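The primary structure of each chain is shown beneath.
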Amino acid sequence: MLNSQWDRIAARLRDEVGDAAWRSWLRPVAVRSLQDGTVRLALPTRFMRDWVATHYGERLRTLWAGEEPSVRDVELVVDSARAPAAVTDAAPAALPAAAAPHRPAAAAPCAPAESDELGAQLDPRYTFRNFVVGKPNEFAHAAARRVAEASQVSFNPLFLYGGVGLGKTHLMHAIAWHIREHDPSRRVLYLSAEKFMYRFIRALRSQDTMSFKEQFRSVDVLMVDDVQFIAGKDATQEEFFHTFNALVDQGRQIVISADKSPSDLEGMEDRLRSRLNSGLVADLHATTYELRLGILESKAEQMGVPVPPKVMEFLAHKIASNVRELEGALNRVVAHSQLIGRAITLESSQEVLHDLLRASDRRITIEEIQKRVAEHFNIKLAEMGSARRSRQVARPRQVAMYLAKQLTSRSLPEIGRKFGGRDHTTVMHAVKKVEELRASDQNFSEDVDLLRRMLQG
Ligand code: ADP
Ligand code: MG
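In this report, the structure presented in the accompanying data block is examined. The shown structure was predicted, so the numbers you read here are calculated from the model rather than taken from an experiment.

### Comments concerning the side chain of Glu383
Argument step 1. Considering the arrangement of structural elements, one finds Glu383 in the loop between α16 (366-377) and α17 (391-407).
Argument step 2. Classification of Glu383 by relative accessible area gives buried; the value is 12%.
Argument step 3. A polar contact of 2.8 Å, which involves the side chain of Glu383, links it to the side chain of Ser386.
Argument step 4. If sequence neighbours within four positions are ignored, Glu383 has contacts with Arg388, Val393 and Arg397.

### Considerations on the pattern of salt bridges
Argument step 1. What the rule picks out here adds up to 20 salt bridges.
Argument step 2. The partner of Arg125 in a salt bridge is Asp15, with the nearest N and O atoms 2.7 Å apart. Of the two residues, Arg125 is situated in the loop between α4 (85-88) and α5 (138-149) and Asp15 in helix α1 (residues 2-17); the sequence distance between them amounts to 110 residues.
Argument step 3. Note on Arg125: relative accessible area 12%, which makes it buried.
Argument step 4. Residue Asp15 is classed as partly exposed on the basis of its relative accessible area, which comes to 42%.
Argument step 5. For Arg273, the salt bridge identified is with Asp270, shortest N-O distance 3.6 Å. Highlighted residues: Arg273 and Asp270, both in helix α10 (residues 270-276), separated by three residues, approximately one helical turn.
Argument step 6. For Arg273, a relative accessible area of 19% gives the class buried.
Argument step 7. Judged by relative accessible area, Asp270 falls into the exposed class, the value being 61%.
Argument step 8. Taken together, the shared-partner salt bridges connect Asp15, Asp123 and Arg125 into one network.

### Considerations on the site of ligand 1
Argument step 1. Inspection of the region around ligand 1 gives 18 residues, with Val132, Gly165, Thr169, His170 and Glu327 positioned closest.
Argument step 2. Here an oxygen atom of ligand 1 sits 3.3 Å away from a polar atom, N or O, in the side chain of Tyr126.
Argument step 3. Glu327 is positioned with one of its side-chain polar atoms (N or O) 2.6 Å from an oxygen atom of ligand 1.
Argument step 4. For ligand 1, whose unbound accessible area comes to 560 Å², protein coverage reaches 96%.
Argument step 5. Those elements that provide at least two residues to the shell around ligand 1 are α6 (168-182), α11 (289-303) and α13 (323-340).
Argument step 6. Summarising the domain contributions, the shell around ligand 1 has at least three residues from each of domain 2 (85-284) and domain 3 (289-360).

Calculation criteria
Residues numbered from 1 in each chain as written. Chains lettered and ligands numbered in written order. Predicted model: local features only at pLDDT ≥ 70, side-chain atom pairs only at ≥ 80, totals over all residues. Heavy atoms only, no water. Helix = DSSP H or I, 4+ residues; strand = E, 2+ residues; numbered from the N terminus. Buried < 20%, exposed > 50% of the residue type's maximum accessible area, 1.4 Å probe, protein only. Polar contact = N/O pair within 3.5 Å; in protein donor to acceptor, adjacent residues only side chain to side chain. Contact = heavy atoms within 4.5 Å. Salt bridge = Lys/Arg side-chain N within 4 Å of Asp/Glu carboxyl O. Near = heavy atom within 4 Å. Areas by Shrake-Rupley, 256 points an atom, 1.4 Å probe, with all protein chains shown as cover. Domains from an automatic or database assignment.

Have a look at this one:
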C-alpha cells in the first residue's frame, strides 16, 4: 500500500526532476512507515537526507497528501543500515560470504525486481482510473476495458493505433494492471516490439528458439507495443506471425499497438497485416481542446496542486500536439512554482514555457503554404484554387493540401475551402496520394521534406 503509493509518487517525481537528479537523490529513498499522518522515509546519509529535505521535502508532502489524504507530513530520517555498500561492507570480515545479505537489499523501492524477465515493467500511473476519456479516445478506451474485463476473448487481436503521445501505452498498461488486480491467475505479458525482436535475435544466436517460443506461448494475454518497429524486419515478423497464430489458436488474447492502422503499416507482410486487421481495430484520434482540459484538470488534482483554471485553459489551448507534451508543460509549471515558492499564474506559466510556446506560436498559415509550394513548383498561386486538373498543377496542389494538413490545425473541410472551395474528400484523397508517392518515390519525398523544413524554418 505505502510502497505502491511511493511507486506512483516516485514515477511522478522522476518526470519532474529528470533522470539524473532522480537517480542521485530519490532512488535511494526507502519507505519506512506511516503513523499518525506522518510518512517516514529513510536515506542512507545525513547529507542526502538534508538535500532531499530542502529540495524535495515540500513536494513530497504535497504529492503524498494527493495519494493519501490523511498524510499531513513527510519526515526524512537517516538510516545508516542503508549506507552505501562501501561503508557496510567494511563490517566484520569473519562473516561467511553466504550470510552476507544481513542488510536490507539496497534495491530502489520504486524499481521492484522484474517479476517476469520477458516483459517490461508497468508504469503505476497508467491505470484506467487515471485515463481521461473524451470523444477522441472513447472507442479505444471502451475496447481496452472490454478486453481487460472479459474472461473470454471477444475480439482478437485488439489493435490500438494512433499518433505519438495519445495514450496507446497507457491503455495497454491499464489492461495489464486491471487483469493483475482482478484475475491474477491469468498470465499477462507486456513488451515492446523492439524487445520482442531483441529477445528473438538473442534466442537465434544462442540457438535457443524452443524456449523462446515456449515462453511466449504460455501466456494468456500477450501485449506488444509499437509493432511498427518490426516493419521490414522479415525474420522477426515471421516469428511474430507464428507466435500470434499459436496464441490465437489456443484462444489467448492479443493486444497490439502501432502508430498506424494495419492497412497503412508499410513493410508488413500481407498475411500478417490481414491477421492484425482481423480483430478489432480502434484508433486514438488527435486530442480536442475539451479532452486536453479534462486531462489537465485530472493531473492537477492528482498532484494536489491548485492550478488556476485560466492557466489550464491557456495550456490546453497552446499545447495541442500530444498529451505527453501537455503533461510535461504542466509538470514544469508546477515544479517551477514549488521551487520558487510562489503561486502559479498565467504570467509565470508563460515565462516558464516560453521555449515551448515559441515553437507552437509561429503558426503556419495555409496561404503561406500555398505561396511557398507554388513558388517551388513554379506555378501561379491562383492555381491553388483553380479547377484545372492537369498533373502539372494538380500535384503541387495536392502537396500543398498535404502540408496544410500536417502543419496547421485546420480541419479537412477548412482546408478544402481554402483551395477553391473543394470538398473534404478531395483533401483526404490528396493527403493519401502524397503519402503513397512519398513511400514509392524517394526524390519526391525529399522534395516534400524540404518544403516542410522551409515552412517551419
Ligand atoms: P503513446 O503510447 O500513444 O505514445 P502514451 O500512452 O505513452 O502515448 O501517453 C503519453 C502520456 O500521456 C502518458 O503519460 C499518458 O499517461 C498520458 N495520457 C495520454 N492520454 C491520456 C488520457 N486520455 N488521460 C490521461 N493521461 C493520458
Ligand atoms: Mg507508446
